[in-house]
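Spelled out, the chains give:
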Amino acid sequence: MALPDVSQTMRLGQAFARTLRAGDQVVLRGELGCGKTTLAGAIIQALGVHGPVKSPTYTLVEEYELGGLRVVHADLYRLRVPAELETLGWWDYQDGRTLMLVEWPERAHGLLRADVDVWLTVTDHARQAHLQGMSPRGGEVVDSLRL
């Protein structure tokens, strides 16, 4: 899916927000600057956060309570070893009422479950989003996305 500008990324985030629910886990992959944080922010804003969404680059995790839905936006880029997930309280978020948006999931070395895998790429100054359902629920999310 082509993301020629930020407005299209925002539309994709809005489409995700309409279909994601508690318990879903979305992983966001791609090189630095490809739009992972922008897409996560668009999803969070569409779910009800007004104003800019804080990047979790240095805190690793930002948590939002949105009408009974806990949304966790994680950036694992600075994770040194997967065992650090424990110190973040990671397993507490696996409660079925938390929507997880995770950047740099590969830093967890296979410890994360994903429903939807989003690969963002940049070629010739154009961004592309490649979406894949990784579970039956993730397949439903991807199939129901309407921009």
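Reference entry: report on the structure contained in this document. Bear in mind that the values here come from a model prediction, so they are computed numbers and not experimental data. (Residues numbered from 1 in each chain as written. Predicted model: local features only at pLDDT ≥ 70, side-chain atom pairs only at ≥ 80, totals over all residues. Heavy atoms only, no water.)

Notes on the pairing of strand 6 (residues 116-123)
The test is simple: Should DSSP find at least two bridges between two strands, the strands are regarded as paired. Secondary structure elements are defined from DSSP: runs of H or I of at least 4 residues count as helices, runs of E of at least 2 residues count as strands, and each element is numbered from the N terminus.
Bridge count for strand 2 (residues 25-29) against strand 6 is 4 bridges, and the pairing is parallel. Paired with V26 across the bridge in strand 6 is V116. Pairing of strand 6 with strand 7 (residues 126-133), which is carried by 8 bridges, proceeds in the antiparallel orientation. Its bridge partner being in strand 7, D117 is matched across the sheet by Q132. Connecting the antiparallel pair strand 6 and strand 7 is a turn made up of 2 residues, with D124 showing a positive phi of about 45°.

Here we look at helix 1 (residues 6-19)
Note the following rule: A helix is expected to span 1.5 Å for every residue after the first. Partly exposed describes any residue whose relative accessible area lies between the buried limit of under 20% and the exposed limit of over 50%, with all areas from a 1.4 Å probe on protein chains only and scaled to the type maximum. Any pair of residues with heavy atoms lying within 4.5 Å of one another is described as a contacting pair.
Here helix 1 is 14 residues long and its end C-alpha atoms lie 20 Å apart, about the 20 Å a rise of 1.5 Å per residue gives. The set of residues buried in helix 1 consists of Q8, T9, L12, G13, A15, F16, A17 and T19. Turning to helix 1, the residues buried within the fold contact strand 1 (2-3), helix 2 (36-46), strand 6, strand 7 and helix 4 (136-144).

Here we look at the side chain of E84
Examined against the element boundaries, E84 turns out to sit in helix 3 (residues 84-87). E84 sits in the buried class, given a relative accessible area of 17%. Dropping the residues within four chain positions of it, E84 is found in contact with R78 and L79.

With respect to the packing of aromatic side chains
Test applied: Put simply, two rings from Phe, Tyr or Trp (the six-membered ring, in Trp's case) pair if the centres are within 6.5 Å, and we call them stacked under 30 degrees between planes, edge-to-face over 60, tilted for the rest. Look at NZ for Lys and CZ for Arg. If either is within 6 Å of the ring centre and within 35 degrees of the ring normal, a charge sits over the ring.
Evaluated as defined, the whole model comprises 2 aromatic pairs. With centroids separated by 4.8 Å and ring planes inclined at 55°, the aromatic side chains of Y77 and W104 adopt a geometry described as tilted. Residue Y77 is found in the loop between strand 4 (69-75) and helix 3, and its partner W104 is found in the loop between strand 5 (98-103) and strand 6; the two are separated by 27 residues along the sequence. We classify Y77 as partly exposed; its relative accessible area is 28%. Given the relative accessible area of 9%, W104 is considered buried. For the cation-ring pair, R107 lies above Y77, with the distance from its terminal atom to the ring centre recorded as 4.5 Å.

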